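Below are the chains, spelled out letter by letter.
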Amino acid sequence: MDDRAIPFLRVSNLTKHFQVGRGGLLGRNRSVVRAVDNVSFSIARGETLAVVGESGCGKTTLGRLVLRLIEADSGQIEIAGTEIRGLDHRAMQEFRRRVQIVIQDPFGSLNPRMLIGQAIMEPLDIHSVGTAKARRARLAELLDLVGLPQSFAARFPHQLSGGQRQRVGIARALALETDLLICDEAVSALDVSVQAQIVNLLQKLKHERQLTYLFISHDMAIVRHIADHVAVMYLGEIVEIAPKAQLFAHPAHPYTQALLKSVPRARVHERPELAIKGDIPSPIDPPSGCRFHTRCPHVMGICRSTPPARTTVGPDHSANCHLLAQALPAAKGQTA
Amino acid sequence: MAVAPLLSVRGLSVSYGGAALVEGVELDLMMGKTHGLVGESGSGKSVSAMAIMRLLEPKQFRVEAQRITFDGRELPSLGTHEMRRVRGAEISMIFQEPMTALNPVLPVGEQIVETLRVHQKLDRATARKRALEMLEWVRIPAADRRIDEYPHQLSGGMRQRVMIAIAIACQPKLLIADEPTTALDVTIQAQILELLHELQRELGMGILLITHDLGVVAGYADNVSVMYAGRIIESGTTSQIFEHALHPYTQGLLRSHPPVDRDVNELPTIPGTVPQPHERPNGCRFGPRCAHFRQICDRTDPRLMGFEARHRAACIRPKGYLFDGPLEVSDG
């Protein structure tokens, strides 16, 4: 087991449900989106945990919860040993210096009328860091760090390509003393040649600055390349979590297996396997029992009625599936 | 060759306000085969398809072509009415985002009925019966219930199935699929690609598969053309492109995306970005980003040159390979 340090980020039993629909006169028709349901994981400092899953699995909500851009219903979020859910506005502001986010669409996140230089320095202004001169020096340093020419400080977002804008997004996220960077589909909108550049930049920054990443993505190939650990989400729950090598070599959950089989291999005339049939159910009132049971090729009676518990299948490797609980001796099956 | 291609394009160029978006595109697509048109954003792949379909506004876009032959007819010389009949009845298109292509205030069944009534002159009852068959054909579960639902009530994958049902309602000879699975989740993407593959076998239609995703092309295309900055820079059979790519851009693209089934240390990248139409360099368009750049690349603008049977590339290097082959080809 790996217990070299206290995790930098520890999330325990985090839950967020959204109420949707009008609800009628007595509120009886209210539906609930179980966006994030009882999610637990931790990330050691300097490591990357990738959260993968398809639309509606809750991965984006999870990132926003960790930043407290949305408030959770219940559960704990500890960053460097401090429970941040209880922090007041002022204390939270301090924490935000250390936790930043890079989102998918860098154009949407940059003010079109603000110069790139101003955009990158904005966090320094908001947090009143340093003198004007020190901030300008920091700007030069940041442009350098993300591989943009200094002249870009005087440009507007529309004058930049998608990849360059994403570099600005990263520079801005690193302007303060950032320790934890949440990347929400940060390379998904980029063309493949540019995507590789940004992936390499994120890798370089991680090593140089001991950054910890929560890397949210739908792209299993990018995840295999960038992650140390991987959590697979399905309809609001983590269904499997494991060290990267373990997950790709021995996926335990039928959903993880299906996800991996569905990815096109870029080999001639090799078509991806049709691993699962059917659609992703709506996260509003998800299926009973195991939420994957409507699409699972191995569905059993118990799957329809009883949610599977987390089962340990290897070092740091667990999955929620009745098949695993059956296959392993009862003593090893434990809830975390 | 004995069999004429279903679609044959030569010297297709499109400009917009003086900027050349597409230059000298050529491709041949055989009946029952899939031709992959691959490129990054702004490479001109969608514009080429729109030009072939004559869907670009003539007041804004200038389209020129030596020929666009479809099933023995020259598309540019057809009258407006005749062209409209070809679109829909003989050539269909599906797009990335079915939500914008479907009418949001009309039940999906009605939208298929509309197509059938316009193009096949069916009466309402027959068209509805046929629409239901179409929805079942594209494997929509509970089709008899779904037929009266609106697009917003369906998932992304179901909406794309409806789009496909509309597209194949008249049993077209050619289907142009422009990023058909880009907006879909990976498990759903696999289903839609497999559906297109099965429908192709049943109908014998040719598919022009436009995508940025090399993985999708490798599995489903018979031939591939790679576009960069408005030009086709390499074309060949899928094996030629994926196993013996000649153009440094194609080689770079193939390496830049990490494989899902094996580990790589550092991702090879292509430096720089795709040039905009007004900033394309004089010599080889890929020159400034090319790892094999030589002085001559600044002065020559290479066009597609034959290298091997059907395998062509717009680069002076493949010729160089032949010339000083033993020096550059490892374990030759």
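Since the structure is predicted, the reported quantities are computational estimates derived from the model, not experimental observations.

> Could you give an account of the sheet that holds strand β5 (residues 82-83) of chain A, naming the residues involved and the relevant values?
Residues and elements named next belong to chain A. Read across the sheet, four strands follow the order β2-β1-β4-β5 without closing on themselves; strand pairing throughout is antiparallel. Pairing within the sheet leaves two strands with one partner each, and these edge strands are β2 (31-43) and β5. Lying over the sheet, helix α1 (residues 59-67) contacts β1 (9-20), β2 and β4 (74-79), oriented at roughly 115° with respect to β1.

> Run through the sheet that holds strand β11 (residues 231-237) of chain B, naming residues and quoting values.
Residues and elements named next belong to chain B. Spatially, β7-β8-β9-β3-β10-β11-β13-β12 is the arrangement adopted by the eight strands of the open sheet, whose pairing is mixed. The two strands at the open ends of the sheet, each matched to only one other strand, are β7 (91-94) and β12 (305-308). For this sheet, the mean inter-axis angle between neighbouring strands, taken without regard to orientation, is 20°. Pairing analysis gives five bridges linking strand β3 (residues 34-38) to strand β9 (residues 206-211), with the strands arranged parallel. Each residue of the ladder has a partner; that of Val 38, found in β9, is Thr 211. Strand contacts of helix α7 (residues 156-168): β7 and β8 (174-178), with the helix running at about 170° to β7, the strand carrying the most contacts.

> Which residues make up the side chain of B:Thr250, and what are the values?
Residue and element names in this part refer to chain B. Summarising the element assignment, Thr 250 is placed in helix α11 (residues 248-256). Judged by its relative accessible area of 2%, Thr 250 falls in the buried class. If sequence neighbours within four positions are ignored, Thr 250 has contacts with Val 226, Ile 233, Glu 234, Ile 241 and Ala 245.

> Talk me through the side chain of A:Arg138; I want residue IDs and the actual numbers.
Residues and elements named next belong to chain A. Topologically, Arg 138 is positioned in helix α5 (residues 132-145). By relative accessible area, which is 18% here, Arg 138 ends up buried. Residues within four places of Arg 138 in sequence aside, it is in contact with Leu 124, Leu 174, Ala 175, Leu 176 and Arg 209.

> Mind laying out empty space enclosed by the protein, listing which residues take part and the relevant values?
All names here are of chain B. As enumerated under the stated definition, the model contains three cavities of 30 Å³ or more in all. Quantified by volume, the largest cavity comes out at close to 110 Å³. Cys 284, Cys 290, Cys 297, Cys 315 and Ile 316 are the residues nearest the centre of the largest cavity, which is lined by 14 residues in total. Along the lines of polarity and charge, the residues of the lining of the largest cavity split into nine nonpolar, three polar and two charged.

> If you had to explain helix α4 (residues 108-120) of chain B to someone new, which residues and values would you point to?
Residues and elements named next belong to chain B. Counted at 1.5 Å a residue, the expected span for α4 with its 13 residues is 18 Å, and the 18 Å between its end C-alpha atoms agrees. Elements in contact with the buried residues of α4: α5 (124-137), α6 (143-146) and α7. With its phi angle positive at about 50°, Lys 121 sits one or two positions after the end of α4.

Criteria and thresholds
Residues numbered from 1 in each chain as written. Chains lettered and ligands numbered in written order. Predicted model: local features only at pLDDT ≥ 70, side-chain atom pairs only at ≥ 80, totals over all residues. Heavy atoms only, no water. Pairing = 2+ DSSP bridges. Helix = DSSP H or I, 4+ residues; strand = E, 2+ residues; numbered from the N terminus. Contact = heavy atoms within 4.5 Å. Axes fitted to C-alpha atoms, helices over the stretch in contact; angles between N-to-C directions. Buried < 20%, exposed > 50% of the residue type's maximum accessible area, 1.4 Å probe, protein only. 1 Å grid on protein atoms, 1.4 Å probe; cavity = no way out; pocket = protein on both sides within 12 Å on 5 of 7 lines; lining within 4 Å. Points joined across faces, edges and corners; volume = space filled by probe spheres on them. Nonpolar A, V, L, I, M, F, W, Y, C, P; charged D, E, K, R; others polar. Expected span 1.5 Å × (residues − 1).

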